[in-house]
Amino acid sequence: MTPRDPAPPSPSVPVSPRPRVPALRASDADRDRVAAVLAEALATGRLTSVEHADRLQATYDSVTVDDLVPITLDLPDVTATGSGPATVRQEVSAVFSKVLRGGRWIAGRHTTLNATFGALIVDLSDAVLPGREITLEVNAYCGKLIVRVPKNAHVIDEVSALFAKRHISGDLGDAGGPVIRVVGRTTFGKVVVARERSDWNLPDRP
């Protein structure tokens, strides 16, 4: 009996590589939930104010959900109730005085700035901005209000003026920069919103 010849090997079939699933992009709600965990960690002493500011900055710079995971990996989870710093309304006022606010600080998503018979200077260039868009409500009555915004910010001007001077730099900025919507009113006062310090002392115009 003649032994059967071995069957020829079957040609290998090329296997198509599995398509790479793109990372899921994070939403503002995803970032807010992480911000709530950070706020709780700050309140309970698990994070210092510097660590909190650094992590919050990383939170709102995150593009994907995977980017958010390591930020709270060493922190206990909390039930987000919308009370974190991302949704807090802040207010800074100067009444019959001069107030300067700058450096590394956390701005509110809606921040109200008041200058009444005084001068308020707010520098946002190093501030942690909670979200891709924030609103600045400016109210100047017989006072001066000066705001410095990041160089890459897109500024939307919705400020009204009555017997007042105003200069708001509404350039588009960078495509990936934050959107800063400026609303409010100035009466018998002056409002300046600009990117450079050289614009803060603009000559008064009639």
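Going by what an unreviewed UniProt entry lists, the chain is known as DUF1707 domain-containing protein and is assigned to Streptosporangium brasiliense.

A. Quick look at the overall build of the chain. Counting its secondary structure elements, the chain contains three helices and ten strands. The order of α-helices and β-strands along the chain, N terminus first, is α-α-α-β-β-β-β-β-β-β-β-β-β. Within the span of the chain, comprising 206 residues, buried residues form 41% of the whole. Contacts in the chain between residues at least 24 apart in sequence constitute 66% of all its contacts with a sequence separation of at least 6. Carbon and sulfur atoms provide 55% of the accessible area of the chain, an area that totals close to 12,300 Å².

B. Molecular detail of the pairing of strand β5 (residues 133-141). Two elements, strand β3 (residues 110-116) and β5, share seven bridges in a ladder whose sense is parallel. When the sheet's bridge partners are listed, H110 is paired in β5 with T135. Direction of pairing for β5 relative to strand β9 (residues 179-187): parallel, over a ladder of nine bridges. Residue pairing for β9: T135 is matched across the bridge by R181.

C. Spotlight on the pattern of salt bridges. Counted according to the given criterion, the structure contains nine salt bridges. Across the salt bridge formed by R109 and D32, the nearest N and O atoms sit 3.3 Å from each other. Taken together, the residues span a long stretch of sequence, with R109 in the loop between β2 (98-101) and β3 and D32 in helix α1 (residues 28-43) at a distance of 77 residues. The class for R109 is partly exposed, based on a relative accessible area of 23%. With relative accessibility at 19%, the residue D32 sits in the buried group. Residues R166 and D157 are paired through a salt bridge, measuring 2.4 Å at the closest nitrogen-oxygen approach. Owing to a relative accessible area of 35%, D157 belongs among the partly exposed residues under this scheme.

D. Region of interest: the sheet that holds strand β4 (residues 119-123). Taken in spatial order, the five strands line up as β2-β4-β6-β10-β8 in an open sheet, and their pairing is parallel. On the outer flanks of this sheet lie β2 and β8 (165-168), each paired with one strand and no other. Strand after strand, the sheet turns through a mean of 5° between neighbouring axes, direction not considered. In this structure, strand β6 (residues 144-148) lies alongside strand β10 (residues 190-194), joined through five bridges in parallel fashion.

The rules we used
- Residues numbered from 1 in each chain as written.
- Predicted model: local features only at pLDDT ≥ 70, side-chain atom pairs only at ≥ 80, totals over all residues.
- Heavy atoms only, no water.
- Helix = DSSP H or I, 4+ residues; strand = E, 2+ residues; numbered from the N terminus.
- Buried < 20%, exposed > 50% of the residue type's maximum accessible area, 1.4 Å probe, protein only.
- Contact = heavy atoms within 4.5 Å.
- Areas by Shrake-Rupley, 256 points an atom, 1.4 Å probe, with all protein chains shown as cover.
- Pairing = 2+ DSSP bridges.
- Salt bridge = Lys/Arg side-chain N within 4 Å of Asp/Glu carboxyl O.
- Axes fitted to C-alpha atoms, helices over the stretch in contact; angles between N-to-C directions.

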